[in-house]
Amino acid sequence: MYIDDTIAAIATAPGEGGIGIVRISGKKSLDIADNIFKSVSGKKIKEYNPRTLIYGNILEEEKIIDEVLVAYMKAPYTYTKEDIIEINCHGGFLSVKKILELVLKKGARLAGPGEFTKRAFLNGRIDLSQAEAVIDIIRAKTDLSYNIAQNQLEGNLSSEIRKLRNKVTAILAHIEVSIDFPDEDIEHLTYETLYNKSKELKEDIIKLYETSETGKIMRDGLKTVIVGKPNVGKSSLLNAILKESRAIVTDIPGTTRDVIEEFVSIKGIPLKIIDTAGIRETEDLVEKIGVEKSKEFFEKADLIILVLDASRELSSEDIDILNNIKDKQAIVLINKIDLPSKLDEQKIKEYINKDRVIKISAIQRTGIDKLEDEIASMVYKGDVSQKDSVMITNVRHKDALGKAINSINDAIRSIEDNMPLDFVEVDFKNIWDYLGEVSGDTVSEDLLDTIFRDFCIGK
Ligand code: GDP
Ligand code: ZN
């Protein structure tokens, strides 16, 4: 695909700041910049070596718009593989806005969300999974999710996919030879070899696919609700967690609407504490909206934390919640163990696995580490080596791998039934295509639009 026009956007976040950056990419970048920029030295940008930071002013009909630094990065060694100009001006709303307007007037087009990154993909600098990693890096909530995204940007997932596709190619070659040179003996050998290779390939794809559960949590956060009767210590628990771990408060406009999300990092896992109207008001979920309504939250949550008060007897309300959470990912916290106990622990263990019943004192901050350990073991299931591991964090990738697995199952069935090799070949071609969806080798224009629509403008 050949991209002809020149795009521009404000690359920095809106608001007051030290500097703002207007970014231009495309064939006309340099001309546009030289048209509106006057360096203090009097020289044109194109007279400088690329990657030099040039001091001067942006002018509109002789009038100074702002004092700026301009950098010219020459194709193809740039973010988009195209000529790029970056104009560093004063931060704030107006300077960047005026400069952008001027750039557009001189022939650039306003870039869509993620369009610079999209060009990096279309121009072949990165593959689609790497492009998607860019937005994940921007949105990462914990060091661990950041590392995973960084890993993906470096191309580790891409190379994993490439390895799988190479295996498919080898299998396809084998099939084709057998189709072209049919021979009884070879045919027998072919089916046996194919069968073993298919099984092997299936294992490999499944292994990657299975990282997606943890991967999704790393990317989007573990949706968590804290429930319990009034005064059992939910607020105190939240404070204790916030103190122990680094709290990350986010409010992503557009993605959350009226929901404010509060993130805490527990052993690198981003916990997204579900909060519909400000956490400190609604954590008394059961109290405020009643048990019925809170069931809805249970359905949406990845993790339910029920807090009980050790110094009070189990009430029918507690039992009701226990009944509701018994088949879910839930942890029961027996709080206030610093007080004399009146709670029937045995009764609780009838509803929930004893490993998931943890005694704590939110006030004295005891047992919080056990809670964190349990959450970590629920998420990692003990088999994730966290560092440098390739992890599927993206639903799109997961779906593509899922389709590849279906096709390989089809292939294996065909081989078992001694179906003609042409049939088997079709299945392997499908696997090849589905794997290619992850890296973007086989994607439609529509899908690309959907993917990049999610990005911020200027990236
Ligand atoms: P919530 O209504 O469930 O959010 O409960 P709060 O966190 O507001 O706590 C209710 C009361 O219980 C407060 O007076 C807390 O100080 C007290 N409390 C919370 N956790 C503990 C604990 O571990 N031990 C003791 N003794 N008191 C606690
Ligand atoms: Zn409270």
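Cut-offs and rules
- Residues numbered from 1 in each chain as written.
- Chains lettered and ligands numbered in written order.
- Predicted model: local features only at pLDDT ≥ 70, side-chain atom pairs only at ≥ 80, totals over all residues.
- Helix = DSSP H or I, 4+ residues; strand = E, 2+ residues; numbered from the N terminus.
- Buried ≥ 20, exposed ≤ 12 C-beta atoms within 10 Å, placed from the backbone.
- Contact = placed C-beta atoms within 7 Å.
- pLDDT = per-residue confidence, 0-100.
- Near = placed C-beta within 6 Å.
- Nonpolar A, V, L, I, M, F, W, Y, C, P; charged D, E, K, R; others polar.
- UniProt positions renumbered as here; feature names shortened; annotations may be inferred.
- Core = buried A, V, L, I, M, F, W, Y, C linked by C-beta atoms within 7 Å.
- Arc of directions from axis to C-beta.
- Pairing = 2+ DSSP bridges.
- Axes fitted to C-alpha atoms, helices over the stretch in contact; angles between N-to-C directions.

(A) Representation of the overall build of the protein chain. Within the protein chain, the regular secondary structure consists of 17 helices and 14 strands. Across the 459 residues that make up the protein chain, the buried fraction comes to 39%. The contacts of the protein chain with a sequence gap of at least 6 include a subset with a gap of at least 24, amounting to 68%.

(B) Layout of the confidence of the model for the protein chain. For the protein chain, mean pLDDT is 86; residues scoring 70 or higher make up 88% of the total. In the model, residues 249-260 has pLDDT below 50 throughout and makes 10 contacts with residues more than four positions away in sequence or in other chains. Contacts from residues 275-283, a stretch scored under 50 in pLDDT, to residues over four places away or in other chains number 17 contacts. Model confidence for the complex: the whole-complex pTM is 0.76, and ipTM, which rates the interface, is 0.98.

(C) Molecular detail of the site of ligand 1. Looking at ligand 1, there are 17 residues lining it, with Gly233, Lys234, Ser235, Ser236 and Ile363 nearest. Examining the composition of the shell around ligand 1, we find that three residues originate from one element, helix H9 (residues 234-244), more than from any other. Considered class by class, the residues forming the shell around ligand 1 number five nonpolar, seven polar and five charged.

(D) How the structure looks around the UniProt feature "binding site: K(+)" (unreviewed entry) in the protein chain. With numbering matched to this structure, UniProt assigns "binding site: K(+)" (unreviewed entry) to Asn231, Thr250, Ile252 and Thr255. Summarising the element assignment, asparagine 231 is placed in the loop between strand E8 (222-227) and H9. Taking the C-beta count within 10 Å as the criterion, asparagine 231 has 14 such neighbours and is therefore assigned partly exposed.

(E) Highlighting the UniProt feature "binding site: Mg(2+)" (unreviewed entry) in the protein chain. Under the feature "binding site: Mg(2+)" (unreviewed entry), the UniProt entry names Ser235 and Thr256. Note that serine 235 resides in helix H9. C-beta crowding within 10 Å serves as the criterion here: with 16 such atoms nearby, serine 235 is assigned to the partly exposed category.

(F) Up close: the nonpolar core. Grouped together as the largest cluster of nonpolar side chains are 110 residues, with contacts concentrated most on Val22, Leu306 and Leu333. For this core, the leading source of residues is helix H16 (residues 421-439), giving eight residues. Not counting residues up to four positions away in its chain, the partners in contact with leucine 306 are Val227, Gly228, Ile321, Ile325, Ala330, Val332 and Leu333.

(G) Broad picture of helix H12 (residues 316-325). For H12, the set of buried residues is Asp318, Ile321 and Ile325. Buried residues in H12, looked at end-on, bunch into an arc of 65°, giving them a common side. When the buried face of H12 is taken as reference, the exposed residues oriented beyond 90 degrees from it are Ser316, Asp320 and Asn323.

(H) The arrangement of the sheet that holds strand E1 (residues 7-10) in detail. A sheet is described by the order of its strands in space; here seven strands give the open sequence E3-E4-E5-E6-E2-E1-E7, paired in mixed fashion. Strands at the two margins of the open sheet, each flanked by one partner only, are strand E3 (37-39) and strand E7 (109-110). Pairing between strand E4 (residues 53-60) and strand E5 (residues 63-73): eight bridges, direction antiparallel. When the sheet's bridge partners are listed, isoleucine 54 is paired in E5 with valine 70. Against the sheet, helix H2 (residues 94-105) makes contact with E1, strand E2 (19-25), E4, E5, strand E6 (84-90) and E7, and its axis sits at roughly 15° relative to E2, the strand it touches most.

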